[in-house]
Amino acid sequence: MPMRMMIVIDVMVDEEIEGEFTPPETIAAAVMAACTVTDPDTAEPDVCVRFAPDLEIRELNSQWRGKDAVTDVLSFPMQEPDAIDFEESLGDIALAIPFVLQEAERLALTPEAHIQHLVVHATLHLLGYDHIDDDEAVIMQQLERQAMQQLGLHDPYPELQA
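Quick caveat, the model's predicted, so the values are computed rather than measured. (Residues numbered from 1 in each chain as written. Predicted model: local features only at pLDDT ≥ 70, side-chain atom pairs only at ≥ 80, totals over all residues. Heavy atoms only, no water.)

Undergrad: Hey, could you run me through a negative patch on the surface in this one?
TA: Together, Glu44, Asp85, Glu87 and Glu88 give the surface a local cluster of negative charge. If you trace the backbone, Glu87 turns up in the loop between strand E3 (73-77) and strand E4 (89-97). (Patch = residues over 30% accessible without salt bridge, like charges linked within 9 Å, V, L, I, M, F, W, Y side chains within 5 Å. Areas by Shrake-Rupley, 256 points an atom, 1.4 Å probe, with all protein chains shown as cover. Salt bridge = Lys/Arg side-chain N within 4 Å of Asp/Glu carboxyl O. Lys, Arg positive; Asp, Glu negative; His and termini not counted. Charge placed at Lys NZ, Arg CZ, Asp CG, Glu CD. Helix = DSSP H or I, 4+ residues; strand = E, 2+ residues; numbered from the N terminus.)

Undergrad: Teacher, can you tell me more about the side chain of His114 here?
TA: Tracing the backbone shows His114 in helix H4 (residues 111-126). Here His114 is in contact with Val100, Glu103, Ala104, Leu107 and Leu109, once residues within four sequence places are set aside. (Contact = heavy atoms within 4.5 Å.)

Undergrad: Got a minute to help me understand the environment of Val119 in this structure?
TA: The residue Val119 is located in helix H4 in this model. Classification of Val119 by relative accessible area gives buried; the value is 0%. Sequence spacing of Val119 and Val31 is 88 residues, and the spatial spacing of their C-alpha atoms is 6.4 Å. Residues within four places of Val119 in sequence aside, it is in contact with Ile27, Ala30, Val31, Ile93 and Leu95. (Buried < 20%, exposed > 50% of the residue type's maximum accessible area, 1.4 Å probe, protein only.)

Undergrad: Please explain the packing of aromatic side chains as it appears in this structure.
TA: In this description, an aromatic ring pair is defined by two values, namely the gap between the centres and the angle between the planes. According to the stated counting rule, one finds 2 aromatic pairs in the structure shown. Between Phe21 and Phe51, the ring centres sit 4.8 Å apart and the planes meet at 45°, which makes this aromatic pair tilted. Pair noted here: Phe21 is in the loop between strand E1 (8-13) and helix H1 (27-38) and Phe51 is in strand E2 (residues 46-53), with a separation of 30 residues, a long-range link. Here the two residues Phe21 and Phe51 agree in accessibility, since each one is buried. Consider the rings of Trp64 and Phe76, whose centres lie 6.2 Å apart with planes at 75°: the pair is edge-to-face. With Trp64 in helix H2 (residues 54-65) and Phe76 in strand E3, this pair connects stretches of sequence that are 12 residues apart. Note on Trp64: relative accessible area 58%, which makes it exposed. (Phe/Tyr/Trp six-rings, centres within 6.5 Å; stacked < 30°, edge-to-face > 60°.)

Dropping the structure here:
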């Protein structure tokens, strides 16, 4: 009998944007896609995804990354990259709303598709992947492309077509 995969996702919407924004129902699928392209035996990943106003993300970006600017998504890993245990929380993801919605419009994407890509991207960070140097970026971008294909969504890096 095949193993049934379950996901523990806490989705939070900050009070300031509640009523103006409803998270897509596809967040769990995006987390799972990122996990399964890195480890097909993934079971029960635990992640918290927070949708916050731009100012809050700007403050978090300043506090944790030393960058006093809003950014689309931040990830806060709870585990060491070389010792991922799916029985423990992978960490937290925070997305800036309305920044992300404006970015989706500028990129001619649906908000849902763009949010799914950002959740895939951030989940890969929680799993220890990064894009600081070129070699790491190539690996992470390829994983993102595989996850997005698994979700039936756009290629986030079409310029990388071989």
